[in-house]
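# Observations on the three-dimensional arrangement
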Amino acid sequence: MKFTKKMTLSEVAASDETGYYLIKRKYVQEIRESQKLPHVEKYDQNLQFVKSVDLSKLDLPGKPRFEQLLHWNQQLWLFYSTDPGKGAQEGLYRVALDPGSLRPIGKSSIVLETGATGVKPGIGGLGISLKATKPLFHFHLVPEQNRLLIVLDNGTLQKNEKQVRFLVLDLEFSPVWKREETLHASSDELEIVNTRIDSNGNAHLLSKSMPASSGIAAMFKREKYFFTLVSITDNGKQALHKQIDLRENQVNAAAIQVNPDGHLYFGGFYTHEATATKGSGGTYFLKMDGTTQTVLEQHIEPFDAAFLTRGLSEGKAKRKSRKMDSGKSWEDVYFSLDDILIKRDGSVIFLGEDRRETTTSTTSTSPNTGVQSTGVRFHYTYGSIVVAEFDPNGERKWAQKLVKNQQSTDDFAFYFSYAVSMVNDNLYFVFNDNVNNLGYSGQGKVERFSPKSYKEHMMTFAKLDGQGTITRSSLSMNRNRNLMTITPVNTQTDEHEMVIYGQHKKTYRLARLEFPPQYVGSSVGTHVE
């Protein structure tokens, strides 16, 4: 199939016994994270194209904004938010889509009323938002419990407080319980990190209160993040709030997860308070009772020299090792925490990545008019993937760094980051790489991947087993190894299956990777680090 920057595949949104449903957007909408209703494309079980429908052309009320596409209770559902007008309720709606025609079945139904939302533009630097805010919906689907958690974030922070609504639905979209709760911020910035519902029916939300972003307050306020855990228990009747505080250290990236026993995990990467948010010194792990928020286990562990020097040149690695041997403390770069996974044996996985965005500006003067103009360029660096594994009680088994180097300018990092699947308790990563890194041994630096260098493109397929051993190989299609991928399209669609997107210059195709139940990884064309 032909690739065009006018339209691009975005993600595998859902799948069923008839095939796969992919989101497709205009390129400019994708990089701007537009909420305009996208196209939905249907592919059969052999990943052959079946049909495409522009959802924005459907006869839906008001000016609908796309929220989610879910396969739930053997039916494909489109969730969208809108103000229908004519006295109807403003809020989140759902409508069933026919899996063949991708057209609506019946009428839309209200899921969650939002009411009037948004704030008017104000003055920056005074704790007043500069842009109107729209409601945000967070979805967490738990098929094994037949539950769907939806959290509404109205987006408006007033006097360091924000109102959110919790709604838990059953298979028939009947409310199990609902509750409105107030989140408290330590500054004029607050966001919801993620939400979960545990095996006892308790809903959990992690919020992150950020430093002042502009104005006078930002000049004097220490750059410190505050994480608050909110748990709604007893079928929505009780609410517990816990602020996570490491005292001499601080958490700079975190998330929450639940296990099948009803325990709640909070974890991430920490930094020493003196360095604020500039680095990552190690991992922090907190295990709690999901009903009472009682702390059961707490572990904080720094990264060792082997981790900190991985991916550095030989000279830099030796110098850093000598300084650490002499007692000097050292931290790695800032890592974002992307997810917390639970293995079948109860082990816990932290997944993160080194992501940085910088800007440069240049000023030029017109020789004819003398008028000065300033241009700004955006530079993106997506470095190594970080993985740490813990036992069910939070004792860290190992921390590993999957070294990569992705860099570009003014392209919104469209081809960067990674996709991951967990099969038989092994992790399988797919990311864009430089073909010269195929034989990388785990020592020294790697060659840089650039989207513009077609002859150097390679899709790396890396396995990370339960002992922290990395095996790297490359993916090819039609014997072509110079491939590039759009990371979010690569999706684990079944317990032993992953859909892969491969692009060579202006053509692309989809493929399915199938892992046998006892798959341990192929030795052909691989290199063990």
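That block above? That's the structure.
Parameters at a glance
- Residues numbered from 1 in each chain as written.
- Predicted model: local features only at pLDDT ≥ 70, side-chain atom pairs only at ≥ 80, totals over all residues.
- Heavy atoms only, no water.
- Helix = DSSP H or I, 4+ residues; strand = E, 2+ residues; numbered from the N terminus.
- Buried < 20%, exposed > 50% of the residue type's maximum accessible area, 1.4 Å probe, protein only.
- Contact = heavy atoms within 4.5 Å.
- Areas by Shrake-Rupley, 256 points an atom, 1.4 Å probe, with all protein chains shown as cover.
- Pairing = 2+ DSSP bridges.
- Axes fitted to C-alpha atoms, helices over the stretch in contact; angles between N-to-C directions.
- 1 Å grid on protein atoms, 1.4 Å probe; cavity = no way out; pocket = protein on both sides within 12 Å on 5 of 7 lines; lining within 4 Å.
- Points joined across faces, edges and corners; volume = space filled by probe spheres on them.
- Phe/Tyr/Trp six-rings, centres within 6.5 Å; stacked < 30°, edge-to-face > 60°.
- Lys NZ or Arg CZ within 6 Å of the ring centre and 35° of its normal.
- Core = buried A, V, L, I, M, F, W, Y, C linked by side-chain atoms within 4.5 Å.
- Salt bridge = Lys/Arg side-chain N within 4 Å of Asp/Glu carboxyl O.
- Polar contact = N/O pair within 3.5 Å; in protein donor to acceptor, adjacent residues only side chain to side chain.
- Patch = residues over 30% accessible without salt bridge, like charges linked within 9 Å, V, L, I, M, F, W, Y side chains within 5 Å.
- Lys, Arg positive; Asp, Glu negative; His and termini not counted.
- Charge placed at Lys NZ, Arg CZ, Asp CG, Glu CD.
- Expected span 1.5 Å × (residues − 1).

## Re the overall build of the protein chain
Within the protein chain one finds 4 helices and 33 strands. Expressed as a percentage of the 529 residues in the protein chain, the buried residues total 50%. Residue pairs in contact within the protein chain that sit at least 24 positions apart in sequence constitute 52% of those at least 6 positions apart. As presented, the protein chain carries roughly 25300 Å² of accessible surface, and 47% of it is formed by carbon and sulfur atoms.

## Comments concerning the sheet that holds strand β18 (residues 263–272)
With antiparallel pairing, the 4 strands of this open sheet are ordered in space as β17-β18-β19-β20. In this open sheet, the two edge strands, each paired with only one partner strand, are β17 (249–258) and β20 (295–302). Strand-to-strand twist across the sheet, computed as the mean angle between neighbouring axes with direction ignored, equals 15°. Sheet analysis places strand β19 (residues 282–289) next to β20, joined by 7 bridges and oriented antiparallel. Within the sheet, the bridge partner assigned to phenylalanine 285 lies in β20 and is histidine 299.

## Regarding the layout of surface pockets
Considering only enclosed or pocket space, the second largest pocket measures out at about 590 Å³ in volume. Lining the second largest pocket we find 25 residues, and of these Arg310, Gly311, Leu312, Asp354 and Arg356 sit closest to its centre. When contributions to the lining of the second largest pocket are tallied by element, the ones reaching two or more residues are α4 (314–325), β22 (348–365) and β23 (372–390). Per-element accounting of the lining of the second largest pocket gives the leading share, 4 residues, to α4.

## Quick word on the pairing of strand β31 (residues 497–504)
Among the 8 residues that make up β31, 7 are buried, leaving the element largely enclosed by the rest of the structure. Strand direction decides the pairing type here: strand β30 (residues 491–494) and β31, joined by 3 bridges, are antiparallel. Residue pairing for β31: aspartate 494 is matched across the bridge by glutamate 497. Turn length for the β30-β31 hairpin, with the two strands adjacent in sequence and antiparallel, is 2 residues. Two elements, β31 and strand β32 (residues 507–514), share 8 bridges in a ladder whose sense is antiparallel.

## Things to note about the packing of aromatic side chains
The way to describe two aromatic rings as a pair is by their centre distance and the angle between their planes. Under the counting rule described, the total for this entry stands at 24 aromatic pairs. Taken together, a centroid distance of 5.2 Å and an interplanar angle of 55° make the contact between tyrosine 265 and phenylalanine 285 tilted. Of the two residues, tyrosine 265 sits in strand β18 while phenylalanine 285 sits in strand β19, which places them 20 residues apart along the sequence. Relative accessible area serves as the criterion here: at 1%, phenylalanine 285 is assigned to the buried category. Through a chain of ring-to-ring contacts, the aromatic side chains of Trp77, Phe79, Phe139 and Phe173 assemble into a single cluster. The cationic tip of lysine 208 hangs over the ring face of tyrosine 225; the distance from NZ or CZ to the ring centre is 4.0 Å. Sitting above the plane of the phenylalanine 307 ring, lysine 401 keeps its charged end 4.7 Å from the centroid.

## Notes on the nonpolar core
In terms of nonpolar packing, the biggest core is built from 22 residues, with Leu9, Leu22, Val489 and Leu510 touching the most fellow members. When residues of this core are traced back to their parent elements, those giving at least two are β1 (7–16), β2 (19–26), α1 (27–31), β23, β31 and β32. Among all residues touching leucine 22, those that are not within four sequence positions of it are Leu9, Glu11, Val12, Ala13, His39, Val40, Glu41, Tyr43, Val489 and Leu510. Membership of the second largest hydrophobic core comes to 18 residues, among which are Ala14, Tyr21, Leu37 and Tyr93.

## Let's talk about the pattern of salt bridges
Tallied over the entire structure, the rule returns 19 salt bridges. Here glutamate 514 ties to arginine 512 by a salt bridge, and the two come within 3.0 Å at their closest N and O atoms. Each of Asp338, Glu353, Arg355 and Lys404 takes part in salt bridges that share partners, so that together they form one network.

## A closer look at the sheet that holds strand β12 (residues 175–184)
Spatially, β9-β10-β11-β12 is the arrangement adopted by the 4 strands of the open sheet, whose pairing is antiparallel. Both outer strands of the open sheet, β9 (136–142) and β12, are each paired with one neighbouring strand and no more. When the angles between neighbouring strand axes are averaged without regard to direction, this sheet yields 15°. Where strand β10 (residues 147–153) lies against strand β11 (residues 161–169), 6 bridges are found, and the strand directions are antiparallel.

## So, empty space enclosed by the protein
The tally for this structure, following the rule as stated, stands at 1 cavity of 30 Å³ or more. The space that makes up the largest cavity amounts to roughly 70 Å³. With 3 residues, the single largest contributor to the lining of the largest cavity is β17.

## Details of the side chain of lysine 404
Topologically, lysine 404 is positioned in the loop between β24 (396–402) and β25 (406–409). Lysine 404 gets classed as buried once you look at its relative accessible area, which sits at 3%. One polar contact links the side chain of lysine 404 to the main-chain carbonyl oxygen of tyrosine 382, over a distance of 3.5 Å. Among all residues touching lysine 404, those that are not within four sequence positions of it are Glu353, Tyr382, Gly383, Ser384, Ile385, Ser417, Phe431 and Val446.

## Re unusual backbone geometry
The phi dihedral of lysine 159 is positive, around 50°, even though this residue is not glycine. Inspection of the secondary structure puts lysine 159 in the loop between β10 and β11. Residue class for lysine 159 comes out exposed when judged on its relative accessible area of 83%.

## Focus on a positive patch on the surface
Among the surface-exposed residues, Lys316, Arg319, Arg322, Lys323, Lys328 and Lys445 lie close enough to one another that they form a single positively charged patch. Assignment of secondary structure puts arginine 319 in helix α4. On the accessibility criterion, arginine 319 (43% relative accessible area) is partly exposed.

## Here's the deal with α4
The end-to-end C-alpha distance of α4 is 16 Å, a good match for the 16 Å that 12 residues give at a rise of 1.5 Å each. Residue glycine 327 follows α4 closely and has a positive phi angle near 100°.

## Some thoughts on the environment of leucine 402
Position of leucine 402 among the secondary structure elements: in strand β24. Take leucine 402: its relative accessible area is 4%, and that puts it in the buried class.

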